[in-house]
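# Reading the structure
Listed below, chain by chain, are the residues.
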There are 2 protein chains.
Amino acid sequence: MSIVVVGSVAYDKVETGRGNATDALGGSAAFFSVAARFFTPVSIVAVVGSDFRSEDEQLLADRGIDLRALEKQEGKTMRWHGRYHEDMNKRDTLNLELNVFDGFMPTLLPDQRRCDYLFLGNIAPVLQERVLSQVMSPKLVAGDTMDHWILDTHEDLIKLLPKIDILTVNDDEARLLAGEHNLVKAGRAILAMGPRSILIKRGEYGVLQFSQEGIFAVPAYPLEEVVDPTGAGDTFAGGMMGFLARDGRITESSLRTAVVYGSVMASFVVERFSLERLLELTWEEIDNRYRAFIDLIDSHHSRWITQ
Amino acid sequence: MSIVVVGSVAYDKVETGRGNATDALGGSAAFFSVAARFFTPVSIVAVVGSDFRSEDEQLLADRGIDLRALEKQEGKTMRWHGRYHEDMNKRDTLNLELNVFDGFMPTLLPDQRRCDYLFLGNIAPVLQERVLSQVMSPKLVAGDTMDHWILDTHEDLIKLLPKIDILTVNDDEARLLAGEHNLVKAGRAILAMGPRSILIKRGEYGVLQFSQEGIFAVPAYPLEEVVDPTGAGDTFAGGMMGFLARDGRITESSLRTAVVYGSVMASFVVERFSLERLLELTWEEIDNRYRAFIDLIDSHHSRWITQ
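How each quantity is defined
Residues numbered from 1 in each chain as written. Chains lettered and ligands numbered in written order. Predicted model: local features only at pLDDT ≥ 70, side-chain atom pairs only at ≥ 80, totals over all residues. Helix = DSSP H or I, 4+ residues; strand = E, 2+ residues; numbered from the N terminus. Buried ≥ 20, exposed ≤ 12 C-beta atoms within 10 Å, placed from the backbone. Contact = placed C-beta atoms within 7 Å. Pairing = 2+ DSSP bridges. Axes fitted to C-alpha atoms, helices over the stretch in contact; angles between N-to-C directions.

### Here's the deal with the overall build of chain A
In terms of regular secondary structure, chain A is built from 11 helices and 13 strands. Seen through its C-alpha atoms, chain A measures out along the principal axes to roughly 70 × 40 × 35 Å. The 307 residues of chain A split such that 51% are buried. A fraction of 65% describes how many contacts in chain A between residues 6 or more apart in sequence connect residues 24 or more apart.

In structure tokens:
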């Protein structure tokens with residue numbers, strides 16, 4: 001089944017201890033869609049400016065990503081400039097120009113309104129609500145958010161949460177949203193706000209998934225080198241939703257497998273700048289790393305001992 | 001099979017955001033032995049002063065811990081005073097009095113020299129070597145170390161490493177020992193120094209196990225409240241070695257199960273101050289948390305997808 005994703009398409013300037021990238025194709029919808037497209041058809045709802053390079057559009061189109069709802073407006077594409085600390089879990093936003101993204105009013109095409117899988121990238125909750133209200137009867141809705149929306153549009157977000165099946169946040173965002181430092185308490189508190197599942201992303205420490213069935217914890221795939229963490233969260237979401245849409249089932253078991261596939265996809269994207277690694281990635285590599293990931297976390301647990 | 005542990009027995013003063021403990025029974029050999037004793041017989045090689053309380057000795061003896069090689073010397077028992085940050089992964093040592101531990105010359109009893117399982121707690125590498133040289137043909141030797149020994153007695157430690165099967169270190173110690181920030185590279189570099197397996201303890205983020213067979217990553221058991229992290233590493237080692245000695249096999253599979261049991265035991269000890277939680281712990285609780293832990297990390301991985 002196919003996925004509709006609403007989010008940003010942007011040009012990023014990124015500085016990490018491993019080098020820099022300038023005018024690099026980025027944004028939540030770009031990372032998400034390229035990752036998810038390995039699993040299932042994806043269509044993007046986003047906006048770019050008149051400076052959006054035709055080769056970038058071609059690159060997405062060539063991968064079979066549906067761009068009919070990628071609006072082009074007069075003006076500049078959104079731009080983000082970030083610098084990572086030596087501890088790559090931390091970064092500073094040096095500049096953010098919303099440009100054409102400011103005033104973006106996402107509108108879905110008739111066939112997109114009938115979609116089964118919807119991902120609401122990190123945009124204002126009121127826009128996420130606007131998109132959601134256009135979709136007739138989605139089978140699964142996942143959404144991302146960030147500190148800015150949690151603080152400045154708290155009520156909008158709280159109203160949206162019961163309509164979301166899966167919420168993705170990082171650990172600091174989870175603490176902020178729940179008003180609770182302990183992550184277990186925070187995860188449970190957010191569950192009580194409405195979503196069926198909360199995915200707390202902890203960067204190099206992996207992911208905690210909270211649902212009524214319990215907690216699932218996976219480490220991040222251990223890498224010898226991380227070049228650029230930009231887009232890791234959206235790539236994770238793309239792999240996770242991609243698996244679910246392909247699989248068609250929404251059970252605790254499929255959610256857990258989806259978290260592993262999300263983690264696998266995220267482990268690739270950080271190996272190079274921007275979308276570079278995803279664009280050269282093969283299914284064989286995904287499959288091999290999935291198997292390696294399962295081996296990484298396999299406890300060989302047929303070993304009960306009794307007193 | 002039984003385990004011999006050499007390490008410290010101390011009185012701790014601990015301050016955490018959850019309260020304080022004073023004159024609390026602690027030290028690596030105390031935490032290790034109480035944890036390991038749930039699985040298998042343990043005997044302690046350590047030294048205490050004339051101020052060592054008879055009720056503490058009785059408490060260990062009542063659990064069936066062999067104290068024949070717990071030397072009593074004139075003077076004071078070792079004392080440690082630590083304060084944890086709000087981020088409980090960090091702590092400051094405010095005071096350390098080695099007291100009778102200064103000049104400790106561990107000497108094993110004849111039957112201890114024939115032990116199969118040996119744990120070298122965090123003491124000077126030259127003392128760890130001294131103990132090791134007294135043991136005839138151990139089946140498995142595990143050892144712990146710390147930044148102080150890595151920096152100040154580097155050569156002694158490097159000489160010892162090839163004789164150790166399992167080395168336990170925390171993430172900063174691994175980086176320091178390997179001279180490498182990336183943990184995957186650090187783990188592999190330390191493997192090349194001789195141990196068959198490296199266990200990198202990452203506090204609330206769990207454990208990474210490196211061996212020739214690959215990497216095993218487990219999260220920490222997510223807790224709603226951590227009261228006192230003191231002794232978590234030694235308790236982890238106690239559960240880990242306890243399982244291995246009970247199981248009798250030393251395979252990748254048993255090592256992984258042992259890491260899970262170690263993580264389970266560590267998840268209990270931090271729930272209260274000092275040894276309090278371990279002293280009231282039942283096997284049923286261990287068994288239940290082991291099952292909960294397996295559920296926590298179970299990826300339901302029978303779900304390959306093919307392109």
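Let us keep going from here.
### Some words on unusual backbone geometry
Only a minority of non-glycine residues have a phi that is not negative, and only a minority of peptide bonds are not trans. Residues and elements named next belong to chain A. Unlike most non-glycine residues, Asn99 shows phi in positive territory, near 50 degrees. Mapping Asn99 onto the fold places it in the loop between strand 7 (91-97) and strand 8 (117-120). Overall, the presence of 20 C-beta atoms within 10 Å leaves Asn99 in the buried class.

### Remarks on the interface of chain B and chain A
On the chain A side, the residues contacting the 32 residues of chain B number 32 residues. Secondary structure elements with two or more residues in the side of chain B that touches chain A: helix 7 (183-191), strand 13 (214-218), helix 9 (252-269) and helix 11 (283-297) of chain B. The element contributing the most residues to the side of chain B that touches chain A is helix 11 of chain B, with 5 residues.

### Comments concerning the sheet that holds strand 7 (residues 91-97) of chain B
Residue and element names in this part refer to chain B. Taken together, the 4 strands give an open sheet; going across it, the order is 3-2-6-7, and neighbouring strands pair in mixed fashion. The two strands at the open ends of the sheet, each matched to only one other strand, are strand 3 (19-26) and strand 7. Geometrically, the sheet is characterised by an average inter-axis angle of 15 degrees between neighbouring strands, direction not taken into account. In this sheet, strand 3 lies alongside strand 2 (residues 10-16) in antiparallel orientation, the contact comprising 6 bridges. The residue of strand 3 that forms the bridge with Ala10 is Gly26.

### Digging into the sheet that holds strand 11 (residues 197-201) of chain B
In a beta sheet, neighbouring strands pair by backbone hydrogen bonds and run either parallel or antiparallel. All names here are of chain B. With mixed pairing, the 9 strands of this open sheet are ordered in space as 5-4-1-8-9-10-11-12-13. The open sheet has two free edges, formed respectively by strand 5 (66-72) and strand 13, since each of these has just one partner strand. Mean inter-strand twist for the sheet, computed between neighbouring axes without regard to direction, equals 15 degrees. Judged from the 4 bridges that link them, strand 8 (residues 117-120) and strand 9 (residues 140-144) form a sheet pairing that is parallel. The residue of strand 9 that forms the bridge with Leu120 is Gly143. Each of strand 11, strand 12 (207-211) and strand 13 touches helix 9; the most contacted strand, strand 12, lies at about 160 degrees to it.

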